[in-house]
Amino acid sequence: MEKTRYHVLLAENDPAAADVAIRALTKLSSNYEIEVVTRGDECIRLATTGQYDLILLEYNLPVVHGSKILESLGRAGITAPVIVLTDEGSEETAVDIFRNGAADCIVRSPNLVKILPIVVRENIEKFESFRRKEESERQIRELRNLNENIVANISSYLLVLDQDGRILQANRTFCASVGVRDDALAGSSIVEWMAPTLIQESGLLATLRKVGTTGAAANLYGLVDSTDPEHPRVYNVRVIPLDVSEEGRPLNEGSEIDRRILLILQDVTEKEKLGKEILETREYLTSLVESSIDAIITTDTQGHVTFCSRSVQEMLGYQPGEIVGRAVGHHYARGVDEAHFIMERLRQHGKLKNHETEFLAKDGRRVPVILSASLLRDHRGRVIGTLGISKDISERKAADQEIRYLKEFNESILQNIGSAIIVADNEGRIVYSNPAASAVLGYSRAEFETLDIWRLFLPNEDSPHLWRTISRGETFQGAETIASKKGGATIPVGLSTSVLSDARGARQGAIGIFQDLTEIRALQQQVLQSEKMASIGQLAAGVAHEINNPMGFIHSNLFRMAEYMDELKAGFAHYEELRRVVAQGGSDTLRTAMDALEEARQRIDFDYVLEDFAKAIGESQEGAERVNHIVQNLREFSHMDTGELVMADINKCIESTSNIIAHMLRYKVRLVKEYGELPMIRCFPRQLNQVFMNLLVNAYQAIDGTGEIRIQTHAEDDRIVIQILDTGRGIAPEHLHKIFDPFFTTKEVGVGTGLGLATSYNIVLKHKGSISVESRANQGTTFTVVLPCS
Ligand SMILES: Nc1ncnc2c1ncn2[C@@H]1O[C@H](COP(=O)(O)OP(=O)(O)OP(=O)(O)O)[C@@H](O)[C@H]1O
Ligand SMILES: [Mg+2]
């Protein structure tokens, strides 16, 4: 490129002359930048920096003379033109000046102002063109160098041949491959150095000749050198005619001269292999994409669909043609906002993973999918669009929903079921409990989770049932065992167990379902009791009836016998009178008979017999009385008389009953009555009175010395509760379950028949109520009667 400003160094010690020179140069052009030095040494120093395009030199400079300066610049290789200004016009000086290397010489004259710019300009132009030439030569040199280097080092084989295949030149790669030096190759035929298969199959020689004659380049692809059959090599060959004009026409067209041909053999074995691999990979990828059940959609940067896999069609019901080219935003059920959101995420993070969204199918269905997307880039890394892979999760969603539903369903069953449920893991730790389990055992859910099955269930035989289920897979149905409640109390439970397994059938622990049997046991007891009562009641009724009849005539006979006894006694009073009369004046016969009678009387202790006979009759009458009483009790027990069902105030019943026995209690027992407000109930008052009487008498009889009997009543929901508490000796634990049995008594013969509580039990049961007892030895007993209001 041509310079527009030139640097000129002006070496001039006369300021006036310098001024003239400056004005002469700057008058016509502003292209000069002039620097002035006044001494020869300064001139050398600056000029040898090489930054000047031209040097104007006053020949007679102080310190260093002009001739010396020229010499120095020549030595320093300064090529910028030096124009010498001199006052002397002698030829000798001029010769000297030019010999020393000046480019020009101007003798000062009044014309200097006109001449100087012309000379300067000429010299600068000359220098410019010299410099340009030098530059292009340098470039050529460099290019040649580069070319040679490329040719030498290129991995392809380069050969310059004549059109008969004789080698004129070969590059280093080729020489190295055949193991021969360049000059040894020269003049030999290519046939000698290349594999016959390669030469023959390719028709290389024919191609060379054709290129030689036509001057048109030719390409041969995929030539195979199978010298080593294990590793055949593949070449692409380019045959280029040299001596071709720039427009591509052969030089010396039509002439018979031998044309030189450049042969470039490129080993493409690896490339071929790669290409094949790429092809295979591409096919693989394509089939992968097409066979993928996930929908694959690519878009351009504007969000227009550029590709969609076949599965899109199955998922959304569109033909690929209906989607490609359209904005992908149309297919999101949530609309273009969703597309923007996804694009924004991609822009920020480059990818989007497992994003749940919905597509709109052609028929308007919303198809839930999980979308993963990433930016698509070209080989230079520029973003060219997006790639989205979507998995249809409709089924999964439905399954999820089903699972959720089932979980909720299960949970609500577990939460609301009356059976207690606990789940233990393989170590026996409690991992789940339901509210019923909390209700039965008293632990909160959180507390359960700190416990294990050994804490909850007492070992049965060798280990708790649940542990046998966990460790051996044994299961139980309604097994009766004992559970410990919070606080240590134990209760009977009915336990069923099953193995808890995961989806693959591996044992994960055990599930235990149990029920508190306390109440059931009590009920069972009651049922047992009432059955017993019923059968005994029948028996009693029969016995009472059977005894009652004979007792009737025994009783009346005894009464009559007592009467006869009295009459007999009265009759005997006449015997003594008879004996006295006979002794005073009776005949011997009469006296003998009288003595025999007297002897018999003595012998059988007649008086005693009479006396004892009367006593025996009295005792029998008492016994009969007792039997009557028992029969009476038996009749009551078996409800032989039922009385009438009427509305009654229970407090009043109790009050009248307690009044009957009040005198009996008087000195021994303090009677406390705490009546609550009670509704009237429909009942058999006479029978209930009998119950209260029996309970009060029992309480009284249980108190040795002095004590207290407390009567409490209160209403509760739709029932009334009557409690009779005493401070008596209590009931031994082993008797507790027997006291309601008929004829069970601990009292002396004649004191109790053991029918009181049995009768009371029957009466209360008949009222659909319940009677229960609690007792502590030496502290007292509480009987509780509960009667329903309706
Ligand atoms: N309040 C009580 N304190 C201590 N023991 C009692 C009490 N009530 C009942 N019992 C025991 O229960 C037994 C049975 O009582 P139940 O009333 O059925 O018969 P009894 O009182 O022995 O005879 P009966 O009532 O026929 O005269 C009693 O013998 C006694 O051992
Ligand atoms: Mg009694």
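Model, not experiment: these values are computed from the prediction.

## Thoughts on the sheet that holds strand S9 (residues 233–241)
As summarised here, the arrangement of the five strands in space is S7-S6-S10-S9-S8, forming an open sheet in which the pairing is antiparallel. Where the open sheet ends on each side, the last strands, each with one partner, are strand S7 (167–170) and strand S8 (218–225). Taking each pair of neighbouring strands and ignoring which way they run, the sheet shows an average axis angle of 25°. Across the sheet, helix H10 (residues 204–214) lies against strand S6 (157–162), S8, S9 and strand S10 (260–267), angled at about 20° from S9, the strand it touches most.

## A look at the coordination of the magnesium ion (ligand 2)
When a metal carries six donors in an octahedron, the ideal angles between them are 90 or 180 degrees, while four donors in a tetrahedron ideally lie at 109.5 degrees. Around the magnesium ion (ligand 2), the donor atoms from the protein are Asn-694 (OD1) and Asn-698 (OD1), and they sit 2.3 to 2.8 Å away. A residue pair is termed a helical-turn pair when its members lie 3 or 4 positions apart in one helix, as Asn-694 and Asn-698 do in helix H24 (residues 685–702) at four residues. Of the two residues, Asn-694 and Asn-698, both sit in the buried class.

## Re the site of ligand 1
Around ligand 1 sit 21 residues, and of these Thr-745, Thr-746, Lys-747, Thr-753 and Leu-757 come closest. Here Thr-745 contributes a side-chain N or O atom positioned 2.6 Å from an oxygen atom of ligand 1. Note that an oxygen atom of ligand 1 is positioned 3.1 Å from one of the backbone N or O atoms of Leu-755. Under a 2 Å grid-point criterion requiring more than half of the atoms, the pocket assigned to ligand 1 is the largest pocket. Counting residues per element, the ones that place at least two in the shell around ligand 1 are H24, helix H26 (756–766) and strand S27 (780–788). By residue number, the principal contributor to the shell around ligand 1 is H24, which donates four residues.

## Some points on the sheet that holds strand S5 (residues 104–107)
The strand order across the open sheet built from five strands is S2-S1-S3-S4-S5, with neighbouring strands paired in parallel fashion. The open sheet is flanked by strand S2 (32–37) and S5, the only strands paired with a single partner. Averaged over all adjacent pairs, the angle separating strand axes in this sheet is 20°, with direction ignored. Here strand S4 (residues 82–86) runs beside S5; their pairing, made up of four bridges, is parallel.

## Thoughts on the domain arrangement of the protein
Partitioning the protein into structural domains gives domain 1 (6–137), domain 2 (154–274), domain 3 (292–398), domain 4 (417–514), domain 5 (522–635) and domain 6 (642–788). Relative to domain 5, the C-alpha centre of domain 1 lies at a distance of 186 Å.

## Looking at the packing of helix H2 (residues 40–47) against helix H3 (residues 66–75)
For the pair H2 and H3, the least separation of the axes is 10 Å and the interaxial angle reads 20°. Considering their axes alone, H2 and H3 lie roughly parallel with respect to each other. Judged by the sense of rotation from one axis to the other, the crossing of H2 with H3 is right-handed. Between H2 and H3, the residues in contact are Gly-40, Cys-43, Ile-44 and Ala-47 and Ile-69, Ser-72 and Leu-73, respectively. Residues of the contact of H2 with H3, tallied by class, amount to five nonpolar, two polar and no charged.

## Focus on the packing of H24 against H26
At a minimum axis distance of 9 Å, the contact between H24 and H26 shows a crossing angle of 145°. Every pair of crossing elements has a handedness; the one defined by H24 and H26 is left-handed. Where H24 abuts H26, its residues Gln-687, Leu-688, Gln-690, Val-691, Asn-694, Leu-695 and Asn-698 lie against Gly-756, Leu-757, Thr-759, Ser-760, Ile-763, Val-764 and Lys-766. Each residue belonging to the contact of H24 with H26 can be placed in one class, and the counts come to six nonpolar, seven polar and one charged.

## Quick word on the nonpolar core
A general tendency of soluble globular proteins is for nonpolar side chains to be buried together. Grouped together as the largest cluster of nonpolar side chains are 35 residues, with contacts concentrated most on Ile-650, Phe-783 and Leu-787. Of all the elements in the fold, those that place two or more residues in this core are helix H23 (650–665), strand S23 (681–683), H24, strand S24 (707–716), strand S25 (719–726), H26, strand S26 (770–776) and S27. Residue contributions to this core peak at seven residues, all from H24. Leu-159, Ile-167, Leu-185 and Tyr-235 belong to the second-largest nonpolar core, a separate cluster that totals 26 residues.

## Some remarks on the packing of aromatic side chains
Tallied over the full model, the rule gives 11 aromatic pairs. Look at Tyr-6 and Tyr-32: their rings are 6.4 Å apart centre to centre, the planes differ by 40°, and that puts the pair in the tilted class. On the criterion of sequence distance, the pair formed by Tyr-6 in strand S1 (residues 6–11) and Tyr-32 in strand S2 is long-range, its members being 26 residues apart. The burial state of Tyr-6 is the same as that of Tyr-32; both residues are buried. Aromatic ring contacts, followed pair by pair, group Tyr-157, Phe-174 and Tyr-235 into a single cluster. The ring of Tyr-700 has Lys-668 sitting right over it, with the charged end atom 4.3 Å from the ring centre.

## Thoughts on the pairing of S26
Only one face of S26 is buried: it carries Ile-771, Val-773 and Ser-775, and the other face, with Ser-770, Ser-772, Glu-774 and Arg-776, is open. By the bridge criterion, seven bridges tie S26 to S27 in an arrangement that is antiparallel. Following the sheet pairing, Val-773 is matched in S27 by Phe-783. In this antiparallel pair of consecutive strands, S26 and S27, the connection spans three residues, and Asn-778 shows a positive phi of 65°.

## Describing the side chain of His-767
Mapped onto the elements, His-767 comes out in the loop between H26 and S26. Note on His-767: relative accessible area 10%, which makes it buried. When near neighbours in sequence (up to four residues on either side) are disregarded, His-767 contacts Arg-682, Cys-683, Phe-684, Gln-687, Leu-688, Leu-787 and Pro-788.

## As for a nonpolar patch on the surface
Together, Tyr-405, Leu-406, Phe-409, Ile-413 and Ile-417 give the surface a local cluster of nonpolar side chains, amounting to about 430 Å² of exposed area. Considering the arrangement of structural elements, one finds Phe-409 in helix H15 (residues 394–416). Residue class for Phe-409 comes out partly exposed when judged on its relative accessible area of 39%.

## What about the layout of surface pockets?
Counted as a void, the largest pocket has a volume near 1,000 Å³. Every residue lining the largest pocket is counted, 41 residues in all, and those nearest its centre are Asn-694, Asn-698, Gln-701, Lys-747 and Gly-752. Counting only elements with at least two residues in the lining of the largest pocket, the list comes to helix H22 (606–637), H24, H26 and S27. Per element, the largest residue contribution to the lining of the largest pocket is 10 residues, and it comes from H24. Here the residues of the lining of the largest pocket sort into 17 nonpolar, 19 polar and five charged. Of the residues that make up the lining of the largest pocket, three or more belong to each of domain 5 (522–635) and domain 6 (642–788).

About the criteria used
- Residues numbered from 1 in each chain as written.
- Chains lettered and ligands numbered in written order.
- Predicted model: local features only at pLDDT ≥ 70, side-chain atom pairs only at ≥ 80, totals over all residues.
- Heavy atoms only, no water.
- Pairing = 2+ DSSP bridges.
- Helix = DSSP H or I, 4+ residues; strand = E, 2+ residues; numbered from the N terminus.
- Axes fitted to C-alpha atoms, helices over the stretch in contact; angles between N-to-C directions.
- Contact = heavy atoms within 4.5 Å.
- Donors = N, O, S within 2.8 Å, 3.2 Å for Na, K, Ca; no water.
- Buried < 20%, exposed > 50% of the residue type's maximum accessible area, 1.4 Å probe, protein only.
- Near = heavy atom within 4 Å.
- Polar contact = N/O pair within 3.5 Å; in protein donor to acceptor, adjacent residues only side chain to side chain.
- 1 Å grid on protein atoms, 1.4 Å probe; cavity = no way out; pocket = protein on both sides within 12 Å on 5 of 7 lines; lining within 4 Å.
- Sits in = over half its atoms within 2 Å of the grid points.
- Domains from an automatic or database assignment.
- Parallel < 35°, antiparallel > 145°, perpendicular 65-115°, else oblique.
- Left-handed = near helix turned anticlockwise from the far one by under 90°.
- Nonpolar A, V, L, I, M, F, W, Y, C, P; charged D, E, K, R; others polar.
- Core = buried A, V, L, I, M, F, W, Y, C linked by side-chain atoms within 4.5 Å.
- Phe/Tyr/Trp six-rings, centres within 6.5 Å; stacked < 30°, edge-to-face > 60°.
- Lys NZ or Arg CZ within 6 Å of the ring centre and 35° of its normal.
- Patch = residues over 30% accessible without salt bridge, like charges linked within 9 Å, V, L, I, M, F, W, Y side chains within 5 Å.
- Areas by Shrake-Rupley, 256 points an atom, 1.4 Å probe, with all protein chains shown as cover.
- Salt bridge = Lys/Arg side-chain N within 4 Å of Asp/Glu carboxyl O.
- Points joined across faces, edges and corners; volume = space filled by probe spheres on them.

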